[in-house]
Structure formats: structure tokens, C-alpha cells
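A closer look at the structure
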Amino acid sequence: MLPAPIPGTPGVPHGAGGFAVVDVEATGRSPWRHRVVEVAVVLLDERLCPEGEFATLLDPLGPVGPTHVHRIRQCDVEGAPRFREIAPRLLELLAGRVLVGHHVSCDHAFLDREFARIGVPLPPVPVLCTMGLARAHLPELPGYGLAACVEAAGLGWYPAHTALGDARVTAELLRHCLGAPSCPPDDWAGPLREAARVPWPRLGRARSRPSGGAVPLLRREAPYGPWLPGSQAPEVVLTRAGAMGSTA
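Residues numbered from 1 in each chain as written. Predicted model: local features only at pLDDT ≥ 70, side-chain atom pairs only at ≥ 80, totals over all residues. Heavy atoms only, no water.

Moving on to the overall build of the protein chain. Along its length, the protein chain carries 7 helices and 7 strands. Written out in order from the N terminus, the α and β elements of the protein chain read β-β-β-α-α-β-α-β-α-α-α-α-β-β. Buried residues in the protein chain amount to 51% of all 248 residues. Sequence separation of at least 24 residues holds for 72% of the intrachain contacts in the protein chain that already meet a minimum separation of 6. (Helix = DSSP H or I, 4+ residues; strand = E, 2+ residues; numbered from the N terminus. Buried < 20%, exposed > 50% of the residue type's maximum accessible area, 1.4 Å probe, protein only. Contact = heavy atoms within 4.5 Å.)

Moving on: the nonpolar core. Counting 34 residues, the largest nonpolar core has F19, L44, L173, L174 and W188 as the members making the most contacts within it. For this core, the secondary-structure elements that each account for two or more residues are strand 1 (19–26), strand 2 (36–44), strand 4 (98–101), helix 4 (130–137), helix 5 (146–153), helix 6 (163–178) and helix 7 (186–196). No other element matches helix 6, which puts 9 residues into this core. When sequence neighbours within four positions are dropped, the list of residues in contact with L44 reads G17, G18, F19, V21, C49, P50, E51, R97, A171 and L174. One finds V22, L111, L122 and V125 within the second-largest nonpolar core, a separate group that totals 29 residues. (Core = buried A, V, L, I, M, F, W, Y, C linked by side-chain atoms within 4.5 Å.)

This model, assessed by the stated rule, comprises 12 salt bridges. Measuring nitrogen to oxygen at the nearest pair gives 3.1 Å for the salt bridge that ties E221 to R219. For E221, a relative accessible area of 24% corresponds to the partly exposed category. Because the salt bridges share partners, they merge into one network encompassing E53, R168, R219 and E221. (Salt bridge = Lys/Arg side-chain N within 4 Å of Asp/Glu carboxyl O.)

What follows is the structure, given as C-alpha cells:
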């Protein structure tokens, strides 16, 4: 497993380089009609060492969608930030990095549409898809969903369909696949070089609500695995993660 999560990323500069492993939970399947209701980013440096992480629920300004899938209830997003309020921090975290996800085109599409709604076009960022990497570097599997790939790689239990749980285990899957003897260095060295040349927009930080209160972060958390076969997985806990100035 990855080392214990780093509580926040205040020391990671804008455009630091490396990888940004992302996952979003959404109110539906269409980036055009539905909204992001939870986002997580796990930062890895160019050597795949963890640098920090960011996660929060978001107020989608409407119904939260399939609670039976992502287990987010309407009451869970009360007081959560809106996308515009966390957009400046997301831009800082993604800038200069390769965007990584499992079926990354889906996560990218949702982020692209959310930024477009606030008038910010995302640049043509290089991406790495762990689903594609798993097809190339894991044995034949009946399917290449995240759970199947994680099991084939022997990475243990993870809190599926939580943005932070999925992003953390996707980061581990990335390390597993890139460390395979069948994976040439150019598969990831090229995207890293390309990412360093991409110019990124910046936004002024949203520091407070109209009421004067700080912009909150609302984070779903679950302990790391692995867990013994047949044991009950621990509950996911909802915590207030502090103000926008902190990414803990």
C-alpha cells in the first residue's frame, strides 16, 4: 500500500510536476447534464512517491443522484463547497502534472465541463489511464473495472465509490503497472515531459462565503486496507476538513 496519507499539500508549489491521480463521483453519467458531487486528487511526484491529497464533497446545486452507488445522501452535501469555490485549488493541484484516472476520460470530461461552466477552459493536459495500463500489463481478466484490476494486482480492500478511496487505490494501481517489467519507461516519461510544458490558467482563491465564513471542505474518509477475507469493511466517515486554506 502507499505510505500513510499526507495531511494536506501546502508545500506543493504550482506546476510542481509529477502525477495528479483524480476521481470524481457524480450525480449521473453525463458530464453535460450531471454534476460532480465529490472530487479527490492524490499527488505523486515523478518517482511515484506520494506528495499529498485533496478531497471534498461538493454541493451540486440539485439532487445528488444515485445514492445506492456513491452512498452520498442529500443531507451529506449541506454546507459543502460549490465547484467554483474549490476550482482555484484544483487548478493549482493539476497544473504541470499528468492527469491519471481509471477510465480517465470520464473523470476528465466531468472536470472539463465543471470548469467550462465557470468560464475556464482546461488546457490539453496529457493523461494516463490505469484501465489501459491494466489491459497491457496485468494478466487476462474477465473485466477491467477498478475492483477487478485492484484484485488482480493484489492491492487489497478499498472503499469503492468514494472519490478519495478510488483515487488512492488508482495511485497504487498506477505504481503497480508502471513497475511491471513489460512497461517501458517511455510510457510515462513522455507524458511527464509533455505535462511540464502545458500552460495552465489560474483563478483567484475563494477565501470566504458571502456570510464571511470560510469556505469549508467536507471529506469522506475510510481507513486503508488490506482487510482479512470475510471481515467487515469499516464504515466511511464524513468529516469537516477545515477551511479552503487547508487541504487536510
